[in-house]
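Notes for the structure review
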Amino acid sequence: MANGHAMIALAAPLLLAPGPVTGGPADWRASPLHDPITLYRIDRPRSPVPGPPEGVAALDAAAVARLAPHALLIDVSPVEAGRRDPATGRWTLLAPAHSIPHALWFPEAGRAPGNPVIIAHFLGLVPALAAGRPVIVFCLADCWMSWNAALRLHRAGLNVAWYGAGRDGWAASGRPLAPVIPFVNKEK
């Protein structure tokens, strides 16, 4: 239990779907909505997701709640009402945002192809923040941005789990959401 891999392994009875995932007869990998090389979803990110990326465990709300004290929770939900200032990297929100308590919010880090500055900042900062802990990535229900972000972090060598139900599933399970502010992604 001392390392992150053991923490994710503890969630095994609560996994919803192991990777790899296929979409049945019409495999989603052949879809023009996905980059054929990276497999990232590049269009219409708000649509049903069949399961986690290959090599990434899927968690339900109970598993997230159990693992959260020992994990780094990363929210990659988009900013629904607001904008980012490229000069400062600060986000201006037109309305308060809420997420799973203690989550760090990296808006747009799951978009593909995405802003290279945001993605580089995300991939450079999350490993240091994780400090050996497992990382749980989420977004909103039926959103490919968390799938893309989980795959990015997995490819970067992190121990990643995916909570596909996201903020919506957390609230629907009767658990509270907490105010959250976006991480700053400063242009270089």
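Everything numeric in this text was worked out from a predicted model, so none of it was measured.

**Remarks on the confidence of the model for the protein chain**
- Averaged over all residues, the pLDDT of the protein chain equals 82, while 77% of them reach at least 70.
- Within the model, pLDDT remains below 50 along residues 1-26, and this stretch shows 52 contacts once partners closer than five positions in the same chain are excluded.

**Comments concerning the pattern of salt bridges**
- Tallying each qualifying case throughout the model produces two salt bridges.
- With a shortest N-O distance of 2.3 Å, E108 and R111 are connected by a salt bridge.
- Classification of E108 by relative accessible area gives buried; the value is 15%.

**Overview of unusual backbone geometry**
- In this chain, A112 is followed by P113 through a cis amide linkage whose omega measures 0 degrees.
- Within the secondary structure layout, P113 lies in the loop between β6 (104-105) and α3 (116-130).
- Notably, A131 is not glycine yet its phi reads approximately 45 degrees, a positive angle.
- Phi at D142 is positive, roughly 55 degrees, even though this residue is not glycine.
- In this fold, D142 is placed in the loop between β7 (135-138) and α4 (144-155).

**Re the pairing of β7**
- The side-chain alternation of β7 yields two buried faces, one formed by V135 and V137 and the other by I136 and F138.
- With four bridges connecting them, strand β2 (residues 72-75) and β7 associate as parallel partners. Bridge pairing in β7 links D75 to F138.
- Direction of pairing for β7 relative to strand β8 (residues 160-163): parallel, over a ladder of four bridges. The partner of V135 across the bridge, within β8, is V160.

**Describing the packing of α3 against α4**
- Two elements in contact, α3 and α4, have axes separated by 11 Å at closest approach and are oriented at 55 degrees. Classified by the angle between their axes, α3 and α4 sit oblique to one another. Classified by chirality, the crossing of α4 by α3 is right-handed. Residues I119, F122, L123 and V126 of α3 form the contact with α4, whose own contacting residues are A149, R152 and L153.
- In terms of residue class, the contact of α3 with α4 is built from six nonpolar, no polar and one charged.

Rules and cut-offs
Residues numbered from 1 in each chain as written. Predicted model: local features only at pLDDT ≥ 70, side-chain atom pairs only at ≥ 80, totals over all residues. Heavy atoms only, no water. pLDDT = per-residue confidence, 0-100. Contact = heavy atoms within 4.5 Å. Salt bridge = Lys/Arg side-chain N within 4 Å of Asp/Glu carboxyl O. Buried < 20%, exposed > 50% of the residue type's maximum accessible area, 1.4 Å probe, protein only. Helix = DSSP H or I, 4+ residues; strand = E, 2+ residues; numbered from the N terminus. Pairing = 2+ DSSP bridges. Axes fitted to C-alpha atoms, helices over the stretch in contact; angles between N-to-C directions. Parallel < 35°, antiparallel > 145°, perpendicular 65-115°, else oblique. Left-handed = near helix turned anticlockwise from the far one by under 90°. Nonpolar A, V, L, I, M, F, W, Y, C, P; charged D, E, K, R; others polar.

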